[in-house]
Amino acid sequence: MNRYNLSEQQATRRPRSPASPSRPILGCFEDVNKLFARYTHGTFTKGEIASTIGISANSGPFGQRFFSIKEYALIEGSDHVYQVSPLFLDMRGSGVGSPKFRKLAFEAVKKASVFADLLEQFPNKIPDIKTLAMRLETHKKFNPDRAKSIAAVLQDSLSSVGILDSSGNVLLIRDPEAPVGSQGGPEDAIDEGGTQTEMSKSFRLDIPLSAGRKATVTLPAGWSVVDAEKIGRVLVAAAEE
């Protein structure tokens, strides 16, 4: 290769994007749930993580999934030994789909520095993927392809746990432990339903799964948060069998 061609290659090489989660929060929660089912409160190594989720420890996909799990603070530890985090245990104990789970999932998403910056810039309404990607390119020096991918991960993370509606609005979340009438941001405000109050409208949500699959949750009018918590417990129990 001559000097001209080498210079041309260097000029067209894409910049390395900042490290960011490449997997939505629910997928990472499912990965750590598998670890908890095998090791509970015990410790595990990187190799044991890879074995549990069925990916080679030396592969690129494992590195991405491992980084995503750590970035959401679902596990903690050193370069050699890890264990599930208190945040994961709180999420697991709250019941998938409950207001507390949504609140904790939102906290986990904001543990990722890139996502925290975007949510600080767009606290109430998340723009479309193109706009988010452009913001990542201009403010964080992402390359275009990676920017679109990470923008999609953020949107999937929020929508899959019921934090983002189809119009991009960040939904208010009821904190069951907060006093009635208390005010706050999206992560601890009161939404349209209470823990016992029935929802007047039917509910439908598409939840992204691994390998490009998705699950559609449909609930009839009159459903309550208690119903959602029950469904979440049943699904978690079924997955662990």
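Residues numbered from 1 in each chain as written. Predicted model: local features only at pLDDT ≥ 70, side-chain atom pairs only at ≥ 80, totals over all residues. Heavy atoms only, no water.

## Here's the deal with helix H2 (residues 25-39)
Turning to step 1, where the next piece is worked out: For H2, with 15 residues, the first-to-last C-alpha span of 21 Å sits near the 21 Å given by 1.5 Å per residue.
Turning to step 2, where the next piece is worked out: Every buried residue of H2 is listed here: Ile 25, Leu 26, Gly 27, Cys 28, Phe 29, Asp 31, Val 32, Asn 33, Leu 35, Phe 36 and Tyr 39.
Turning to step 3, where the next piece is worked out: Positive phi appears at Thr 40, one or two residues downstream of H2, with a value of about 45 degrees. (Helix = DSSP H or I, 4+ residues; strand = E, 2+ residues; numbered from the N terminus. Expected span 1.5 Å × (residues − 1). Buried < 20%, exposed > 50% of the residue type's maximum accessible area, 1.4 Å probe, protein only.)

## With respect to the pattern of salt bridges
Side-chain pairs of opposite charge can arise where the charged atoms are in close proximity.
Turning to step 1, where the next piece is worked out: This model, assessed by the stated rule, comprises 4 salt bridges.
Turning to step 2, where the next piece is worked out: Residue Lys 103 pairs with Glu 107 through a salt bridge whose shortest N-O separation is 3.1 Å. Note that Lys 103 and Glu 107 are positioned in helix H6 (residues 99-111) at a spacing of 4 residues, about one turn of the helix.
Turning to step 3, where the next piece is worked out: Its relative accessible area of 27% is what places Glu 107 among the partly exposed residues.
Turning to step 4, where the next piece is worked out: For Lys 140, the salt bridge identified is with Asp 117, shortest N-O distance 2.4 Å. (Salt bridge = Lys/Arg side-chain N within 4 Å of Asp/Glu carboxyl O.)

## Some thoughts on the packing of helix H5 (residues 86-94) against H6
Turning to step 1, where the next piece is worked out: The interhelical angle for the contact between H5 and H6, taken along N-to-C directions, is 155 degrees, at an axis separation of 8 Å. The orientation of H5 with respect to H6, classified from their angle, is roughly antiparallel. Here H5 runs over H6; the crossing is left-handed. Residues Leu 87, Asp 90, Met 91 and Ser 94 of H5 lie in contact with H6, whose contacting residues are Lys 100, Phe 101, Leu 104, Ala 105, Glu 107, Ala 108 and Lys 111.
Turning to step 2, where the next piece is worked out: Per-class residue counts for the contact of H5 with H6 are 6 nonpolar, 1 polar and 4 charged. (Axes fitted to C-alpha atoms, helices over the stretch in contact; angles between N-to-C directions. Parallel < 35°, antiparallel > 145°, perpendicular 65-115°, else oblique. Left-handed = near helix turned anticlockwise from the far one by under 90°. Contact = heavy atoms within 4.5 Å. Nonpolar A, V, L, I, M, F, W, Y, C, P; charged D, E, K, R; others polar.)

## Section: the nonpolar core
Turning to step 1, where the next piece is worked out: By size, the foremost hydrophobic cluster in this structure holds 54 residues, and its most contacted members are Ile 49, Tyr 72, Leu 74, Met 91, Phe 115 and Leu 158.
Turning to step 2, where the next piece is worked out: It is H2 that contributes the most residues to this core, 8 residues altogether.
Turning to step 3, where the next piece is worked out: Contact partners of Leu 74, with chain neighbours within four places excluded, come to Ile 25, Cys 28, Phe 29, Val 32, Ile 69, Val 84, Ser 85, Phe 88 and Met 91. (Core = buried A, V, L, I, M, F, W, Y, C linked by side-chain atoms within 4.5 Å.)

## Considering the environment of Ala 152
Turning to step 1, where the next piece is worked out: Inspection of the secondary structure assignment puts Ala 152 in helix H9 (residues 144-160).
Turning to step 2, where the next piece is worked out: C-alpha separation for the pair Ala 152 and Ala 133, spaced 19 residues apart in sequence, amounts to 8.7 Å.

## Considering the environment of Thr 40
Turning to step 1, where the next piece is worked out: Counting through the fold element by element, Thr 40 comes out in the loop between H2 and helix H3 (46-53).
Turning to step 2, where the next piece is worked out: Residue classification places Thr 40 among the partly exposed positions, given a relative accessible area of 40%.
Turning to step 3, where the next piece is worked out: Taking the C-alpha atoms as reference points, Thr 40 and Gln 83, separated by 43 residues in sequence, lie 8.5 Å from one another.
Turning to step 4, where the next piece is worked out: Those residues in contact with Thr 40 that sit more than four places away from it in its chain are Leu 35 and Val 84.

## Focus: the confidence of the model for the protein
Turning to step 1, where the next piece is worked out: In this model, the protein carries a mean pLDDT of 82, and residues with pLDDT of at least 70 account for 71%.
Turning to step 2, where the next piece is worked out: Under a pLDDT of 50 for its full length, residues 187-198 has, in the predicted model, 39 contacts with residues more than four places off or in other chains. (pLDDT = per-residue confidence, 0-100.)

## Focus on unusual backbone geometry
Turning to step 1, where the next piece is worked out: Positive phi, close to 45 degrees, is recorded for Thr 40, a residue that is not glycine.
Turning to step 2, where the next piece is worked out: A positive phi angle, near 60 degrees, is found at Ala 73, a position not held by glycine.
Turning to step 3, where the next piece is worked out: Assignment of secondary structure puts Ala 73 in the loop between helix H4 (60-71) and strand S1 (75-77).
Turning to step 4, where the next piece is worked out: We classify Ala 73 as partly exposed; its relative accessible area is 23%.

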